[in-house]
Amino acid sequence: MKVQNNTYFSIEQLKDQYLNQSQAMAPAKADEKSFRQILESQQKAESQVKFSKHAAGRLADRNIELTENQLDRLKEGAQKAGAKGIKESLVIVDQLAFIVNIPSSTVVTAMNRQDAAENIFTNIDGAVII
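A quick note: this is a predicted structure, and the numbers were derived from the prediction, not measured.

Draft legend 1. Spatial organisation of the overall build of the protein. If you tally the helices and strands in the protein, you get 4 helices and 7 strands. By residue count, 27% of the 130 residues in the protein fall in the buried class. Long-range contacts, defined here as pairs at least 24 residues apart, represent 56% of the contacts in the protein between residues at least 6 apart. Carbon and sulfur atoms provide 51% of the accessible area of the protein, an area that totals close to 9700 Å².

See the structure below:
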């Protein structure tokens, strides 16, 4: 109990003081996210395919630009490979070939039809043609 000027607070004063504090400390409902929203945003982020520095350099060097459709199909191919238990996958989308590390969802390298002329791909344990 607090003493102010040798007087005591009344119960009503204490009640008002503590109720106003708890309302001020409560977070705004408009800014809160539900558990479902947080879970869905996390799952969406995990389903994204990242490009390693090497793969991004290969895309730039070879003037390869992915359309939104091709990127979606690449993600789909990586998800299918993961569902089959593949760890390092070759994913072929149109005339483009990608080596994808499935556990990290990272494109390791990328090439077009001309660069893949030898048709030899090493260090993979599966392939997906989309």
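Draft legend 2. Representation of the nonpolar core within the structure. In terms of nonpolar packing, the biggest core is built from 17 residues, with Leu 74, Phe 98, Val 100 and Val 107 touching the most fellow members. Contact partners of Val 100, with chain neighbours within four places excluded, come to Leu 74, Ala 78, Lys 87, Glu 88, Ser 89, Val 91, Thr 106, Val 107 and Val 108. Ranked by size, the runner-up nonpolar core spans 5 residues in total, among them Leu 90, Ala 97, Ile 99 and Met 111.

Draft legend 3. Geometry of the sheet that holds strand E7 (residues 126–129). Ordered by their spatial adjacency, 5 strands build an open sheet running E3-E6-E5-E4-E7, and the pairing between neighbours is mixed. Lying at the two open borders of the sheet, with one neighbouring strand each, are strand E3 (50–51) and E7. With 2 bridges joining them, E3 and strand E6 (residues 106–112) adopt parallel strand pairing. The residue of E6 that forms the bridge with Phe 51 is Val 107. Packed on one face of the sheet, helix H3 (residues 53–61) meets E3, strand E5 (96–101) and E6 and runs near 20° to E6. Helix H4 (residues 68–83) contacts E3, strand E4 (88–93), E5, E6 and E7 of the sheet and is inclined by roughly 145° relative to E4.

Draft legend 4. Geometry of unusual backbone geometry. A positive phi angle, near 55°, is found at Asp 94, a position not held by glycine. Within the secondary structure, Asp 94 is located in the loop between E4 and E5. Even without glycine at this site, Ser 105 takes up a positive phi of about 50°. With respect to the element layout, Ser 105 can be found in the loop between E5 and E6.

Draft legend 5. Local environment of H4. With 16 residues, H4 extends 23 Å from end C-alpha to end C-alpha; this agrees with the ideal 22 Å at 1.5 Å per step. Along H4, the positions that sit buried rather than exposed are Gln 70, Arg 73, Leu 74, Lys 75, Gly 77, Ala 78 and Ala 81. Where H4 is buried, its residues touch E3, E4, E5, E6 and E7. Gly 85 sits one or two positions beyond H4 and adopts a positive phi of about 85°.

Draft legend 6. The arrangement of the pattern of salt bridges in detail. The final tally for this structure, using the stated rule, is 2 salt bridges. Of the charged contacts in the structure, one is a salt bridge between Asp 94 and Arg 73, with a shortest N-O distance of 2.8 Å. With a gap of 21 residues between them, Asp 94 in the loop between E4 and E5 and Arg 73 in helix H4 connect regions that are remote in the sequence. Looking at Asp 94, the relative accessible area reads 41%, which means it is partly exposed. With its nearest N and O atoms 3.2 Å apart, the salt bridge here joins Lys 80 to Glu 76. Linking Lys 80 with Glu 76, this pair stays in helix H4, spanning 4 residues, or about one helical turn.

Criteria and thresholds
Residues numbered from 1 in each chain as written. Predicted model: local features only at pLDDT ≥ 70, side-chain atom pairs only at ≥ 80, totals over all residues. Heavy atoms only, no water. Helix = DSSP H or I, 4+ residues; strand = E, 2+ residues; numbered from the N terminus. Buried < 20%, exposed > 50% of the residue type's maximum accessible area, 1.4 Å probe, protein only. Contact = heavy atoms within 4.5 Å. Areas by Shrake-Rupley, 256 points an atom, 1.4 Å probe, with all protein chains shown as cover. Core = buried A, V, L, I, M, F, W, Y, C linked by side-chain atoms within 4.5 Å. Pairing = 2+ DSSP bridges. Axes fitted to C-alpha atoms, helices over the stretch in contact; angles between N-to-C directions. Expected span 1.5 Å × (residues − 1). Salt bridge = Lys/Arg side-chain N within 4 Å of Asp/Glu carboxyl O.

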